[in-house]
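What follows is the residue order along each chain.
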Amino acid sequence: MTKKIMVIMDEIRYIDPVKDTTLAILLEAKRRGLITFYAEAGDLSLINGKVKAYARRIDVFDDQLKWHQYLEDRPTVPIDLSEFDFVIMRKDPPVDQNYIYLTYLLEFANNAQTKVFNNPSSILETNEKIATNWFPQLVPNTLVSNSKNELMDFLNNQKDIIVKPLNQMGGRSIFRVTNKDNNANVIFETMTNNSSDFCIAQRFIPEISQGDKRILLIDGEPFPYALARFPKENENRGNLAAGGKAKVIKLNDRDREICSIIKDKINKLELVFVGLDVIGSFLTEINVTSPTCVRELERSTKKNISGAIIESMLAK
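Residues numbered from 1 in each chain as written. Predicted model: local features only at pLDDT ≥ 70, side-chain atom pairs only at ≥ 80, totals over all residues. Heavy atoms only, no water.

Visitor: Sorry, what's going on with the layout of surface pockets here?
Guide: Any space left empty among the atoms is revealed by the rolling of a water-sized probe across them. Considered as a void within the structure, the second largest pocket measures approximately 280 Å³ in volume. Around the second largest pocket, the lining comprises 13 residues; the ones closest to its centre are Pro165, Leu166, Asn167, Asp197 and Phe198. Within the lining of the second largest pocket, the residues separate by chemical class into seven nonpolar, five polar and one charged. (1 Å grid on protein atoms, 1.4 Å probe; cavity = no way out; pocket = protein on both sides within 12 Å on 5 of 7 lines; lining within 4 Å. Points joined across faces, edges and corners; volume = space filled by probe spheres on them. Nonpolar A, V, L, I, M, F, W, Y, C, P; charged D, E, K, R; others polar.)

See below:
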């Protein structure tokens, strides 16, 4: 019997089809003859312990002008998620309250109706910035705090730091601050919302000039090539969304060591598809919500990463 799957994502009409990893996964599902349904977060509801979605069938194309087509209208009656062989959660951050509620709903489905990838409860457990501290031997000097005084002390000790929010992606609201920066206080006030919100600070890693590497893991195993992202001139962020440039490079021994150290934890959490950020010899993020860079790596290496992702999900 033909497998039926559903993907949850942001509005597909606004994606960049050249770069979008979710589109790559959907294209692979189409090549394999899977019946694919599409839903956005607002299409889901929990009714008497069962999760349902106003999902509709979708077709996708590897085309920069027309990359999707709905094959039916939005249904008038929501579909029980047990009708799908599995669900792929690809909603982008911010991990705000509504995102958290969505994962709560999907955990009901994952426990009683169908498999959801990545595991919803593990997405909640794995804050992409904080989770690196499960492996303190792999991270640069790090502080998570909502105290601007603690942040100032950390800056005075480290001299040069990066400060990031805990719930964003794509390089949003990232600051580099040095101990000579007269704006440090106001940056810390802004990042903590006057000591109300937590943020993360890390010692600045000069090796960012050699690239911020995105390493993809499938079932804890690394793809042998990474996408090294380089900041544009007068920038500290290598993120492609922030204008960074990219080059595909082979993993080195340290990259493989990092992957080996975190593998058991990732697999225990049923995080099938993960993106690591590595700068120099340091792990800086563990991306579990909607890891990217598949299309860039597939184009350069001619390897079918999307196929490996789908294979892993089908096997479970």
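Visitor: Which parts of the structure should I look at to understand unusual backbone geometry?
Guide: Trans is the prevailing form of peptide bonds, just as negative phi is the prevailing case for residues other than glycine. A cis geometry characterises the amide bond from proline 93 onward to proline 94, with omega recorded as 20 degrees. Structurally, proline 94 is set in the loop between β8 (86–90) and α2 (97–112). Phenylalanine 117 connects to asparagine 118 through a cis peptide bond whose omega is -10 degrees. By the element assignment, asparagine 118 lies in the loop between β9 (115–117) and α3 (120–125). (Helix = DSSP H or I, 4+ residues; strand = E, 2+ residues; numbered from the N terminus.)

Visitor: Help me out: how do you make sense of α2 in this one?
Guide: In an α-helix, one turn spans 3.6 residues; hence positions three or four apart end up facing the same way. Taking 1.5 Å as the rise per residue, α2 with 16 residues should run 22 Å; its terminal C-alpha atoms sit 23 Å apart, in good agreement. Listing the buried residues of α2 in full gives Tyr99, Leu102, Thr103, Leu105, Leu106, Glu107, Ala109 and Asn110. Of the surrounding elements, those touching the buried residues of α2 are β1 (4–9), β3 (44–47), β4 (50–53), β8, β9 and α3. (Expected span 1.5 Å × (residues − 1). Buried < 20%, exposed > 50% of the residue type's maximum accessible area, 1.4 Å probe, protein only. Contact = heavy atoms within 4.5 Å.)

Visitor: Help me understand the sheet that holds β1 in this model?
Guide: Remark on secondary structure: sheet strands pair via backbone hydrogen bonds, oriented parallel or antiparallel. Strand order in this open sheet of six strands is β6-β5-β2-β1-β8-β9, and the pairing throughout is mixed. Two strands bound the open sheet, and with one partner strand each, they are β6 (68–70) and β9. Ignoring which end each strand starts from, the neighbouring axes of this sheet average 35 degrees apart. As judged from the three bridges shared by β8 and β9, these two strands associate in the parallel manner. Bridge assignment links valine 87 to a residue of β9, and that residue is valine 116. (Pairing = 2+ DSSP bridges. Axes fitted to C-alpha atoms, helices over the stretch in contact; angles between N-to-C directions.)

Visitor: Can you walk me through the sheet that holds β3 in this structure?
Guide: With antiparallel pairing, the three strands of this open sheet are ordered in space as β3-β4-β7. Edge positions in the open sheet fall to β3 and β7 (79–80), since each of these has one partner strand only. Of the pairings in the sheet, the one linking β4 to β7 comprises two bridges and is antiparallel in character. Each bridged residue has a counterpart across the sheet, and for alanine 53 the counterpart in β7 is isoleucine 79. Across the sheet, α2 lies against β3 and β4, angled at about 60 degrees from β3, the strand it touches most.

Visitor: I keep staring at the packing of helix α1 (residues 21–31) against helix α8 (residues 305–315) and nothing clicks. Help me out?
Guide: Two quantities define a packed helix pair, namely the angle between the axes and the distance from one axis to the other. Packing of α1 against α8 brings their axes to within 9 Å, and their N-to-C directions diverge by 70 degrees. Classed by the angle they form, the pair α1 and α8 counts as roughly perpendicular. For the pair α1 and α8, the contacting residues are Ala24, Ile25, Glu28 and Ala29 in the first and Ser306, Gly307, Ile309 and Ile310 in the second. For the contact of α1 with α8, a count of residues per class yields five nonpolar, two polar and one charged. (Parallel < 35°, antiparallel > 145°, perpendicular 65-115°, else oblique.)

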